[in-house]
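A closer look at the structure
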Amino acid sequence: MPFLKNCWYLAAWGEEIPAGGMMARQIAGEHVLFIRDDDGNVAAVSETCPHRFAPLGMGSCSHGVVTCPYHGIRFDMAGKCVENPHGPISSALKLKSFSTAERHSAIWLWLGDENPDENMIPNYDFIDRTAPDARVKGYLHSRADYRLMVDNIMDLTHADYLHATSLGGGINTRAKAQAERDNDKIKITWTAMNDQLAPLHAQILGSDLGDFYNQVIWEAPGNMVQRILLSRPGQLETAGMDSLTCHVMTPETEASTHYFFCHTSDAVSAHPEIAPGVRAGLVAAFADEDAPMLAAQTRRIAGADFWSLKPALLPSDKGAVLARRELDALLAKEGAMA
Amino acid sequence: MPFLKNCWYLAAWGEEIPAGGMMARQIAGEHVLFIRDDDGNVAAVSETCPHRFAPLGMGSCSHGVVTCPYHGIRFDMAGKCVENPHGPISSALKLKSFSTAERHSAIWLWLGDENPDENMIPNYDFIDRTAPDARVKGYLHSRADYRLMVDNIMDLTHADYLHATSLGGGINTRAKAQAERDNDKIKITWTAMNDQLAPLHAQILGSDLGDFYNQVIWEAPGNMVQRILLSRPGQLETAGMDSLTCHVMTPETEASTHYFFCHTSDAVSAHPEIAPGVRAGLVAAFADEDAPMLAAQTRRIAGADFWSLKPALLPSDKGAVLARRELDALLAKEGAMA
Amino acid sequence: MPFLKNCWYLAAWGEEIPAGGMMARQIAGEHVLFIRDDDGNVAAVSETCPHRFAPLGMGSCSHGVVTCPYHGIRFDMAGKCVENPHGPISSALKLKSFSTAERHSAIWLWLGDENPDENMIPNYDFIDRTAPDARVKGYLHSRADYRLMVDNIMDLTHADYLHATSLGGGINTRAKAQAERDNDKIKITWTAMNDQLAPLHAQILGSDLGDFYNQVIWEAPGNMVQRILLSRPGQLETAGMDSLTCHVMTPETEASTHYFFCHTSDAVSAHPEIAPGVRAGLVAAFADEDAPMLAAQTRRIAGADFWSLKPALLPSDKGAVLARRELDALLAKEGAMA
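In this report, we go over the structure that sits alongside the text.

Cut-off values and rules
- Residues numbered from 1 in each chain as written.
- Chains lettered and ligands numbered in written order.
- Predicted model: local features only at pLDDT ≥ 70, side-chain atom pairs only at ≥ 80, totals over all residues.
- Heavy atoms only, no water.
- Helix = DSSP H or I, 4+ residues; strand = E, 2+ residues; numbered from the N terminus.
- Contact = heavy atoms within 4.5 Å.
- Polar contact = N/O pair within 3.5 Å; in protein donor to acceptor, adjacent residues only side chain to side chain.
- Salt bridge = Lys/Arg side-chain N within 4 Å of Asp/Glu carboxyl O.
- Buried < 20%, exposed > 50% of the residue type's maximum accessible area, 1.4 Å probe, protein only.
- Least-squares fit on C-alpha atoms with pLDDT ≥ 70 in both.
- Pairing = 2+ DSSP bridges.
- Axes fitted to C-alpha atoms, helices over the stretch in contact; angles between N-to-C directions.
- Parallel < 35°, antiparallel > 145°, perpendicular 65-115°, else oblique.
- Left-handed = near helix turned anticlockwise from the far one by under 90°.

1. Section: the environment of C:Trp110
Residues and elements named next belong to chain C.
- Considering the arrangement of structural elements, one finds Trp110 in strand β10 (residues 106-110).
- Contact partners of Trp110, with chain neighbours within four places excluded, come to Asn6, Cys7, Trp8, Phe98, Ser99, Asn115, Pro116, Asp117 and Met120.
- There is a polar contact of 2.9 Å between the side chain of Trp110 and the backbone oxygen of Glu114.

In structure tokens form, the structure reads like this:
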């Protein structure tokens, strides 16, 4: 399975890489080292020393310079060797360098050969507009194919069954769904009026009945942003709850994924003290309910091509299928260029 | 390695599948879900949901209807979709269905394309004739190739070495052995008269010397039934112990096996209170002595073709070799038809 | 990856195989059983029973005769079957036999088809000349490619970084290095005069400054002997410390290695009571510092051909590279003959 190269991968939350520090993470099969200098600038280079293939993440980092733990060769943030204790700095002594951007409190990584275009970074400025203590952020690791993790968010009817006692109960399935292409994005919207809300939403609102609007917008390879509006019947435009959450699925390997989320809402912004509880709820839903299912699907598929297994397609899959087809088209385009 | 398809696999003991319940088990590489309705009827279907490949065994079952845990699609015992909460029931929304039969207190599974013939089910009616509390039954899982597990029973001389202090000591090796074909069955019989009995048998009989008759009859793919007669010298026809045990080796994967056994004897029928102790002894002999050896052999063979390794053949292998050749011939026949 | 066959592998320290006992160990992919008779003679045979591929190491051994745990077939030290309880001893009932030699308190194994030449056994008679209680010997298992473990010793500049607080600090890198071929051996020598000694050496000598001579001689496939001379400035010829250490890297599989070492020095010979402490220090340096690095490199290389990864070559690699090239040439020669 090839990974998309000419795209931005959300590789880390900004705070995962301390000033003057570094962090190693495998992204789309590539071992990458993220380095932040004392001024806060971030860069990404290959994490494998070209001399004897030592993982540089086992080494040390100071003022933006990484020292290989094995023989002390030092590289700067551009991947240039700045010190070879054992002789001249040959042309082979360099690390592959990758473009990065820090935006929306996240580090974005470009693995491709084309010139990176920062306009292609997903617009998650809702994060920037939210006070840091009201951002419910997280990182979770999953033993699942990232495309199954995209499917999972693009078809939220699963919440009715997998999260029946919190986010489910039936309203997601009953809701009117509309999936559509918006240029290179895929948008799916569910609406339900004067309906029985999900248990957690009913509790938040203090009302069993309500109006519900849920929209997810996907862009390649695994970036999704979700807006939920919630109100007592008839008040969707004027009152109730408004939340925005990004769900980003960054492949680590063919069968494992980095899952980044950031949830914001007017409720948490008004009462940042509830943020830890909301975060615990989101983590539990994923870790206890989604993660075992997604890992089980990944094992059952066992590396086979998804389409070769002839999955039964449902109307509720429309968003997920449009996203998979868009991704397949982008991969085919890169394959044709290669 | 292909598995035989047009044959009956013992897939479970009947009591493993509760009324109104279900059980998932991989049989000969196939993920199968066994369902029992409220009337006690059992059926078998593919355990993989055709929508997103969720394992249905992670779901729930009620009145013979299975609900996928992921999106709530429901299937009946014939594999027919009876409810799709997300739209019409398309032709793709069905589970592959397998023939089953419940006989001799076991669930038998047919994976092949040919019409199943219930006359091909091994005749283990000794189980039916035995009171339930006198049936010493068990299920054990093993990390071994099922054909090595067949070899193990078809050549009981191993007991003299691997189970030296219980079922061994030399009598199995000293016994006169005769292996022969009986239509599509392979029969091997050991007899020893007025000989030093195995430690456990000497203890049961209260006599070091005795007469010993031990017969195993194999039929494809891994079904064996064993009769042991035991007496003080000269009394084999008139007195002593008579036991019947089936040993069934059902492949799970190429390197793991479901082992089902049911031991009966006049001694246990007369004193069912000894059944738990007899069962503990059989389980210990397998788990502590056979299982580590069979798993070690499987790792050492490491997926190679058995015959390509040119095993040294002994006269005591005759039954095992006849059984392997019969199985190879049946597999070749299926391969030629495919 | 093929292993060199026509060479001597250090397979065990002599004391690992008790008189009248046996030991199983995988050497260069081959499962080998080492047997010692009551007179102390050692032999090596295939550890796999030719009957049903049972690992003979799970069996028993007495007076140089091994009994298979599964069916009691017995083999002598030449691999000849000396007892088959189940019938005649056919020509297939034999174990492949390997040449061995016991020398320098180690068991050497020859896996090749050519006639073994004991003159090819590395000359480690410094072990014989050292009193047993002054030999700092050890065996360590490593999840690393043995060739990376050879590189590690052939380029001791790594000590300055990986063992900075004990054997490093900079002197190994500052030292003048000379690598050269000596027939089929590769010799690398580091010398530093009146220089800042490594922390451990400074402590031993009671002087921060000193003279340092460090020589490693390699011969195929993974045999190395190291001599270190150490003195206060200007006294290298007349006073100070003199040590000899062999480091032998014997492949187990493509990604795991048996590491044998024996360290001797005039200091330990004079005070054998310090041997346990010296041994603990050597084990800790390897287990805590080298082993994690070597295993990480092996995982990162992931089975790829080393040269295909185009490693950056440094002047300090000269010894390691000469050794790899010599090994590659020997392997090519064996491949051409095969």
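That covers the picture; the talk isn't over yet.
2. Considerations on the pattern of salt bridges
All names here are of chain C.
- Taken as a whole, this structure holds 48 salt bridges over all chains when the rule is applied.
- Of the charged contacts, one joins Glu30 and Lys5 as a salt bridge, the two residues approaching to 3.7 Å between their closest N and O atoms. Of this pair, Glu30 sits in strand β3 (residues 30-36) while Lys5 sits in the segment before β1 (8-13), and the two are 25 residues apart along the sequence.
- Note that Arg227 and Asp242 form a salt bridge whose closest N and O atoms lie 2.6 Å from each other. Of this pair, Arg227 sits in strand β15 (residues 223-231) while Asp242 sits in strand β16 (residues 241-253), placing them 15 residues apart in sequence.
- Relative accessible area serves as the criterion here: at 33%, Arg227 is assigned to the partly exposed category.

3. A closer look at the relation of the copies chain B and chain A
- When chain B is fitted onto chain A, the two copies agree to an RMSD of 0.1 Å after a turn of 120° and an axial shift of 0.1 Å. When the rotation and shift are considered jointly, the pair of chain copies conforms to a three-fold rotation axis.

4. Some details on the sheet that holds strand β12 (residues 176-182) of chain A
Residues and elements named next belong to chain A.
- What the 7 strands build is an open sheet, ordered β11-β17-β16-β15-β14-β13-β12; its pairing is antiparallel. The open sheet has two edge strands, β11 (136-142) and β12, and neither has a second partner. On average, each strand axis in the sheet is tilted by 15° relative to the strand beside it, whichever way the strands run.
- Note: β11 against strand β17 (residues 256-265), 7 bridges, orientation antiparallel. When the sheet's bridge partners are listed, Ser142 is paired in β17 with Thr257.
- Contacts from helix α2 (residues 146-154) reach β11, β13 (185-196), β14 (209-219), β15 (223-231), β16 (241-253) and β17, with the element oriented near 165° to β16.
- Strand contacts of helix α7 (residues 275-301): β11 and β17, with the helix running at about 20° to β11, the strand carrying the most contacts.

5. Observations regarding the packing of α2(A) against α7(A)
All names here are of chain A.
- Across the interface, α2 lies against α7 with an axial gap of 10 Å and an inter-helix angle of 130°. One element, α2, and the other, α7, form an angle in the oblique class. In this structure, the crossing between α2 and α7 has a hand that is right-handed. Contacts between α2 and α7 involve Leu148, Met149 and Asn152 from the first element and Phe286, Asp290, Leu294, Gln297, Thr298 and Ile301 from the second.

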